[in-house]
Amino acid sequence: MSNITLKVNGRTHTLDIDPSTPLLYILRNDLGLQGPHFGCGLGQCGACTVIIKGAAVRSCITPTSAVRGSEITTLEGLAQDGKLHPVQQAWIDEQVPQCGFCQNGQIMNAKVLLDRNPNPTDAEVREWMDRTLCRCMTYYSIQAAIKRAAKVIAAARPAAGKEVVA
Amino acid sequence: MTAFTNIPKQVEEVMEKWNGKTSRRNFLKGSGLLVVSFSAGAMGGASLLSSSASAQGPAVAQAAGPYPDPDFKQLDSWIVIHADSTATFYVGKTDGGQGTGTAFRQMMSEELDIAFDKTSLIMGATDITVDQGGSGGSDAIEVDGWPMRRVAAEARRVLLELASARFGAPVDQLVVSEGVISVKADPAKKASYGELIGGKRFNITLTGNNINATTGVAKLKAVQEHKIVGQSPQRYDIPAKVDGSLKWAVDAKAPGMVHARNVRPPVAGAKLVSIDESSVRGIPGFIKVVSKGNYVAVVCEREEQAIRASRQLKVNWQKPATPSFPTSENLFEYMRTATPTSVVQSRTQTPDVMGNPDAALASAAKVVEAEYDFPFQGHTAFGPAHAMADPSDGQMTIWSNDMKAYGLRTGVAEFLGMPRDRVRVIWQEGPQLYGRTAADDAGFEAAYLAKEIGRPVRVQWMRHEETAWDVKGPAFAFNLRGGLDAQGNVVALEYKARTADYNHIGYNEPNTVLIAQLMGRRPKGPAPGGAANPAELYVIPNRRRTSEVVAMPLVWESPLRVGNLRDPNGPQITFAAESFFDELAAAAKADPVEFRLRHLTASTDDGEEFLRARSIAVVKAAAAAYGWDNRPSPKPLGTGKILTGRGFSYCYRSETLVAEIAEVEVNRETGHVWVKRLVCAHDCGLVINPEGLRRVIQGNLLHGLSRVLHEEVQFDTEKVTSVDWLTHPTLTHADAPARIDIVLVNGDPNPNRPDLPPYGAGEAACKPTGAAVANAIFDATGVRIRRAPLRAKRVLEALQAARV
C-alpha cells in the first residue's frame, strides 16, 4: 500500500492503496464513481472507459500507479454546469440505450472521437468505435447519435459556421 | 438492521415523498395488505401452513418475518396517489432494458387518466411490489399489462365515486382530465386526485383467482379513446444511464461489505481433492476460503484482493476419467448418432404428422434434402453475473439484476433453509438479461457466502467465468427433406430436429443453479428438455415433424448447461427451416417471396386463417418496404470482389408476426459478410410505444445477426475454450447495417385494427434474421451454407469449394 494522488473530474484525492490495482476498482469502490463499469477486465469491451489526456483509456487494465497526477474524466464528469455534454444529450434524443450497461464506453469513446475528428465519416465512426461492444446491439442508434452530436457541436462552435454533412 | 445505503433512487424518492416516517411496508401492513406465508421446514416442522392465509391474528403476526408478500388483491398494493396528485405504480415486473417500465407507466397512466409525467413506477422489489413473476417469455405487455390496466381503471372508478359524493353529482355527470375531476354542468366544481385521496388508502379489494386475473369492476378504455398508449414518450430510465447517476445492481454497497470471487473447476466434472489455503493467506485483506462440494470461493476485504486470491489459490482437482463432451467440431456428428433421451411432444395446434409424407416424397417430381447445424451459443452477458447480499439481523436482502426477482427470493429461501418472509430481493438494472438472470447464479452465491461470513458479500463473476460457465442456448442438428410436384409446389416436408437440450435448467431452482450443482444438490432427475417446431403457416399437405433431445455425456456441473436464451429455440429452428424453404424455392426456380406467398395463400381449413392472413400482410409489407423485384435466387454471379444479394425469411412467435429481408455484401476473397441493409415488417398487435418498439426490434434484428455471423461456444472434450470476446466474438460497430427499415404493420398506433390486443415483441424479431442472411449469401454467390455461424473462414471455404 502507498499513497497515490489522483485528479478525477476536477477533484484531487489522496488514497492509500496498492498502486498496481487497476484504476477501475479505485474509481468504483474508493471514489464512488460508478459510471465506468466492469465488463471484461481484459480491455476488450470498453465498459470501463475513462478519458485521460484526451485519450479513451480502459481503466480495467490500467494500473492506478500509471495515472497518478493525470487529470481523469469519468462519465460523471462530462456534464458542465449541470448541462449534459452534447454526446450525452444525443444519446437521450436518439433513445440509444437498451439495458445501457455498455453505454459508458460508447459515450466516452464517442466523445474522444468527436474531440479529435469533429466531422467523422460513417467509416471513421465504425472504425473508431469498433472495439467498444454492446450486447443489446444498439450500434445503429449509437452511430446515429454520434452524427447528431457532431451536428450539435459544430453548430455551437462560433468559428465553424458551416453546416456539417453527416 | 443495517442502514441500507443502496435503495434504488426511485424507490427512495417515493418512500420519502409518500411518508417521511412510514415505510411502504408499514403502510401496507397497517391496512392488512400483506400476506404472510410460512415455510414449514424452517419453522421446525410445525404445520403453520393451514393458518397462514393472512396476517390478521396477533400470534401469526408475531411469527412473521420482516418481508411478507404484498397482497395483489388490494388496490393499494398497486397504486398510491399522493397529496400533490402524482401517482406511484407498483408492479411485479423487471425491465431488461427494453423500455417495458415506460410502457407500464403509459398503460396505467392511460387507464387512471393522469398525465404520464405525473407518475412513477417501482418494479421488482419483492417486499413492496406484488409478485408478477418478473420478466420472461415476452409477456410483459401481452400478459402482465392487463392486470396493471385493470387496477388503474379501478382506481379511476373509485376516484369518480369519491368526486360524485363530494359534489353530489352522479358519476355520468363528471368528466376526468389529467387527474382532475369536474362536474360537466359546473366546471368550477372540480377536485384533483390528490385532493380526493392523496396520501390515503383506497381500501378496495380486487377479485381474480391469480395475479394475471386481478380486476376490479371498472371497464377498460376503448382503443379509440387512448391518449397516452400509442404515443412515444421517451424512456424515463435513459437520462440516468447516460449521466452516470443510475445505481445499478453492480453498484450495491452496504456497510462492512466484503468481496468474493469464485474459483471454478479447471475442467468440467472435476472433483475437489484439497485446497491449500496457505497459498492465499498472505494476501492483504484475505478473509476466508469457502468451499462445499466442488464449489470454491475466496472472500477478501477489497475487490482487487479477491481477484488476486482467486487467481493465486492452489486447489487440487481430480479430472473425470471419461470425456465430458465431444469437441465442438464433432458436436453435430455426436448429436446425430447419439441415442435420444426423449421425443419432444409438440405444443402446436397442428398435428406433427399430416397426410402421408413418405408416399408424397416417393412420388414427388423433385426431392431436396439437407442437413443444418446450429451450435451452442452463450448469453455472454456484457456484464458478468453479480449480486450483493446482506445477512444482518436474521434476514437476507439480495441486490440483484435477476429478471425473475421473485423466483430468486423463493429459491434462496429454500437453498438457505430460511423462511421466505425473511428473504427479499431488490431488483436493480443490469446488463441485458434474455434469460440469463432467470437462473441467478450470483444471487444464490452472494446469499450463501453472506450467511457463511456473516457480513454483506458482493459476488462478481469474471469474464472467462461468465463466457465459459453461463447458461447456453442449445445446439441443434436438423435433417430436412422436401418434395416438389411438377408445378413447383411443396407437396411434402419432413422436419427432423435433434437438440442438445437435456437437463435444461429452470428458473432459480435451488437444486439446479450452478452453486447448487457444484455442491452436489440434485433434483429428482434432469429436466427432459424441449424444442419447438418451425413457426410458419405454409400450406403443405404432407408433413412430418419430429424433435428429439440428446444428452451430453456430462449432465451435471457442466459448463454446457442449457437454459433459455432469447426465444429460446427460434433462431436455431428458423435458421434451418427458412433456409430450407429457400432451397425449395430455388429448386422450383421461384422467387422466394412469391414462393412463400403461394404456400401461405393456398386453400386449407386448419383454423389458422387469422394468423395466416397476418403472415401474408407482413410478408408483403417487408417486400414492399425493401422494393423487392420478383426473380429466383441465386442471381447471376457477379464478376467483382464484392458479391451482393438479398434474402427473405418469415416466422411467428405466439401471436406476433415477423418478416425480414437482409441485403448482403460478400467478399469473395476473404469470405467476409456485411449485412448492409435489414428490413423488418412486424405485427405485434396494439403498440404501446412505437419508438420504444422500433428500438426493441432493432436490438432483436442485430442480436439475430450476431448469432448467425459470429457466435459459437467452442470446447474440447473437457472444457469450454471460448472464454472472452476474442474467442467468443460478438457483433461489433463495423458489422452494423448502413440502413435498417422497420415497418410496424399494425400501425402507429394501430388505427386500422383496434380489435387487436398487444402481443409480445421482446423476442420474435431475433428469429428470422439468420435465415434471411444465409438466403442472401446464397442469392449473391449461389452457395448454400448450412452451418452457423457464418464466419468469414467458413464462408470462404464454402466459396472456394464451389469455385466461386
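Everything numeric here is computed off the predicted structure, so don't read it as measured data.

Procedures and definitions
- The residue count restarts for each chain, going from 1 along the sequence in the order it is written.
- Whichever chain is written first is A, and whichever ligand is written first is 1; the rest continue in order.
- For this predicted model, a pLDDT threshold of at least 70 governs which residues receive local features, and a threshold of 80 or more governs which side-chain atom pairs are given and counted, while totals over whole chains, interfaces and linings are taken from all residues.
- To qualify as a helix, a DSSP run of H or I must reach at least 4 residues; to qualify as a strand, a run of E must reach at least 2; elements of each kind are numbered from the N terminus.
- Only C-alpha atoms enter the radius of gyration; for comparison, a globular chain is expected to reach 2.2 Å times N to the power 0.38, where N is the number of residues.
- Three exposure classes are used, all based on how many other C-beta atoms lie within 10 Å of a residue's own C-beta (placed from the backbone): buried at 20 or more, exposed at 12 or fewer, and partly exposed between those limits.
- The contact rule is simple: place each C-beta atom from the backbone, and if two of them lie within 7 Å, those residues are in contact.
- By the convention adopted, Pro, Cys, Tyr, Trp, Phe, Met, Ile, Leu, Val and Ala count as nonpolar, Lys, Arg, Asp and Glu as charged, and the other residues, Gly among them, as polar.
- At least two DSSP bridges between two strands are required for those strands to pair.
- Note on definitions: angles span 0 to 180 degrees between N-to-C directions of axes, and those axes are lines fitted to C-alpha atoms, for helices only across the stretch in contact.
- Domain segmentation is taken from an automatic or database assignment of domains.
- Structurally, a nonpolar core is described as a collection of buried Ala, Val, Leu, Ile, Met, Phe, Trp, Tyr and Cys residues joined by way of C-beta atoms within 7 Å.
- How far a helix is expected to stretch is found by multiplying one less than its residue total by 1.5 Å.
- pLDDT expresses how confident the predictor is about each individual residue, on a scale running from 0 to 100.
- Each angle gets one of four labels, with under 35 degrees taken as roughly parallel, over 145 as roughly antiparallel, 65 to 115 as roughly perpendicular, and the rest as oblique.
- Crossing handedness is defined as follows: a turn of the near helix away from the far one that is anticlockwise and smaller than a right angle gives a left-handed crossing, while the clockwise case is right-handed.

Caption draft 1: Structural context of the overall build of chain B. The helix and strand tally for chain B stands at 20 helices and 29 strands. Against the compact-globule benchmark of 28 Å for 804 residues, chain B has a radius of gyration of 28 Å, which places it among compact chains. Along the first, second and third principal axes, the C-alpha set of chain B runs to 80 × 80 × 50 Å. Expressed as a percentage of the 804 residues in chain B, the buried residues total 57%.

Caption draft 2: Spatial organisation of the overall build of chain A. Scanning chain A for helices and strands turns up five helices and five strands. Computed over its C-alpha atoms, the radius of gyration of chain A comes to 16 Å, within 12% of the 15 Å expected for a compact globule of 166 residues. A principal-axis box enclosing the C-alpha atoms of chain A has dimensions of 55 × 35 × 25 Å. Taken over 166 residues, chain A has a buried fraction of 51%. When contacts within chain A are restricted to residue pairs at least 6 apart in sequence, those whose partners lie at least 24 apart make up 58%.

Caption draft 3: Structural detail: the interface of chain B and chain A. Contacts between chain B and chain A engage 44 residues on the former and 46 residues on the latter. Where the side of chain B that touches chain A is concerned, the elements lending two or more residues are helix H7 (238-242), helix H8 (303-312) and helix H18 (690-709) of chain B. Top element by residues in the side of chain B that touches chain A is H18(B). It accounts for seven residues. Tallied by class, residues from the side of chain B that touches chain A come to 16 nonpolar, 17 polar and 11 charged.

Caption draft 4: Examining the sheet that holds strand E12 (residues 295-300) of chain B more closely. All names here are of chain B. What the seven strands build is an open sheet, ordered E11-E12-E9-E21-E18-E19-E20; its pairing is mixed. Of all strands in the sheet, those bounded by a partner on one side alone are strand E11 (286-292) and strand E20 (423-427). Each strand axis lies, on average, 20° off the axis of its neighbour in the sheet, ignoring direction. Relative to E20, helix H11 (residues 405-416) is tilted by about 145°, and along the sheet it contacts strand E19 (396-400) and E20.

Caption draft 5: Representation of the domain arrangement of chain B in the model. Along its sequence, chain B is organised into domain 1 (9-33 + 71-242), domain 2 (249-320 + 385-460), domain 3 (328-379 + 471-570) and domain 4 (612-801). Once you take the C-alpha centre of each, domain 1 of chain B and domain 3 of chain B turn out to be 43 Å apart.

Caption draft 6: Focus on the nonpolar core. Residue and element names in this part refer to chain B. Counting residues in hydrophobic clusters, the biggest one holds 282 residues, and the most contacted among them are Val298, Ala446, Ala622, Val773 and Ile777. Broken down by element, this core gets its largest block of residues, 11 residues, from helix H5 (residues 140-167). Excluding residues within four positions of it along the chain, Val773 makes contact with Gly647, Ala662, Val664, Val675, Leu705, Val708 and Leu790.

Caption draft 7: Representation of the domain arrangement of chain A within the structure. Residues and elements named next belong to chain A. Domain boundaries in chain A define domain 1 (2-77) and domain 2 (86-156). When each unit is reduced to the centre of its C-alpha atoms, the spacing between domain 1 and domain 2 is 22 Å. Taken together, the contacts link 14 residues of domain 1 with 13 residues of domain 2. Among the elements of the structure, strand E3 (49-52) and strand E4 (55-58) are those that each provide at least two residues to the side of domain 1 that touches domain 2. Considering every element that reaches the side of domain 1 that touches domain 2, the biggest residue donor is E3, with three residues. Here the residues of the side of domain 1 that touches domain 2 are counted per class, giving eight nonpolar, six polar and no charged.

Caption draft 8: Layout of H5(B). Taking 1.5 Å of rise per residue, the 28 residues of H5(B) would be expected to cover 40 Å, and the 39 Å separating its terminal C-alpha atoms lies within 8% of that figure. In the stretch just after H5(B), B:Gly168 is the one whose phi turns positive, near 65°.

Caption draft 9: Seen up close, the sheet that holds strand E5 (residues 119-123) of chain B. Residue and element names in this part refer to chain B. Pairing within the open sheet is mixed, and its three strands lie in the order E3-E4-E5. Strands at the two margins of the open sheet, each flanked by one partner only, are strand E3 (79-81) and E5. Strand-to-strand twist of the sheet, defined as the mean angle between neighbouring strand axes without regard to direction, takes the value 15°. The pairing of E3 with strand E4 (residues 87-91) spans three bridges and is classified as antiparallel. Opposite Ile81, over in E4, you have Ala87 as the bridge partner. Running at roughly 130° to E5, helix H4 (residues 100-112) makes contact with E4 and E5 of the sheet.

Caption draft 10: The confidence of the model for chain B, seen in detail. Residue and element names in this part refer to chain B. Looking at chain B, the pLDDT average stands at 92 and 91% of residues meet or exceed 70. Confidence drops under pLDDT 50 across residues 14-21; counting only partners more than four residues distant or on other chains, this segment forms 10 contacts. Under the prediction, the complex receives an ipTM of 0.96, its pTM being 0.94.

Caption draft 11: Examining the pairing of strand E8 (residues 186-192) of chain B more closely. All names here are of chain B. The pairing of strand E7 (residues 180-183) with E8 spans four bridges and is antiparallel. The residue of E8 that forms the bridge with Val180 is Ser192. Connecting E7 to the antiparallel partner E8 that follows it, the hairpin turn spans two residues.

Caption draft 12: Spotlight on the pairing of strand E9 (residues 258-262) of chain B. All names here are of chain B. Most of E9 sits out of view: five of its five residues are buried. Residues Val258, Ala260 and Asn262 of E9 are buried on one face, and the alternating residues His259 and Arg261, pointing to the opposite face, are buried as well. Alignment of E9 against strand E21 (residues 457-460), held across three bridges, turns out to be parallel. Counterpart to Ala260 in the pairing with E21 is Val459. Sheet analysis places E9 next to E12, joined by four bridges and oriented antiparallel. If you follow Asn262 over to E12, its bridge partner there is Ala297.

Caption draft 13: Region of the structure containing the packing of helix H2 (residues 86-93) of chain A against helix H3 (residues 103-116) of chain A. Residue and element names in this part refer to chain A. Two elements in contact, H2 and H3, have axes whose closest approach is 9 Å; the angle formed by their N-to-C orientations is 130°. Considering their axes alone, H2 and H3 lie oblique with respect to each other. H2 and H3 meet at a crossing whose hand is right-handed. Packed against H2, whose contacting residues are Val87, Gln88 and Trp91, the element H3 presents Gln103, Ile107, Ala110, Lys111 and Leu114 at the interface. Tallied by class, the residues present in the contact of H2 with H3 amount to five nonpolar, two polar and one charged.

Caption draft 14: Here's a closer look at unusual backbone geometry. Residue and element names in this part refer to chain B. Cis geometry marks the peptide bond from Ser633 to Pro634, where omega comes out at 0°. Considering the arrangement of structural elements, one finds Pro634 in the loop between helix H17 (609-626) and strand E26 (642-653). Residue Ala788 is joined to Pro789 through a cis peptide bond whose omega torsion reads 0°. Mapped onto the fold, Pro789 is located in the loop between helix H19 (769-781) and helix H20 (792-801). Positioned with a positive phi, Ser85 is a non-glycine residue whose angle comes to about 65°. With respect to the secondary-structure elements, Ser85 resides in the loop between E3 and E4. Look at Asp113: it is not a glycine, yet its phi comes out positive at around 65°.

Caption draft 15: Just the environment of B:Val151, in detail. Residue and element names in this part refer to chain B. With respect to the element layout, Val151 can be found in helix H5. According to the C-beta neighbour criterion, Val151 is buried, with 31 such atoms within 10 Å. As a C-alpha pair, Val151 and Asp76 span 75 residues in sequence and 9.6 Å in three-dimensional space. Beyond its immediate sequence surroundings of up to four residues, Val151 is in contact with Leu75, Trp78, Ile79, Leu206, Thr214 and Gly216.

Caption draft 16: The packing of H18(B) against H19(B), seen in detail. Residues and elements named next belong to chain B. Relative to each other, H18 and H19 sit at 60°, their axes nearing to 8 Å. On the basis of the axis angle, H18 is oblique to H19. The chirality of how H18 crosses H19 is right-handed. In this structure, H18 uses Leu701, Gly704, Leu705, Arg707 and Val708 to contact H19, whose residues at the interface are Thr769, Gly770 and Val773.

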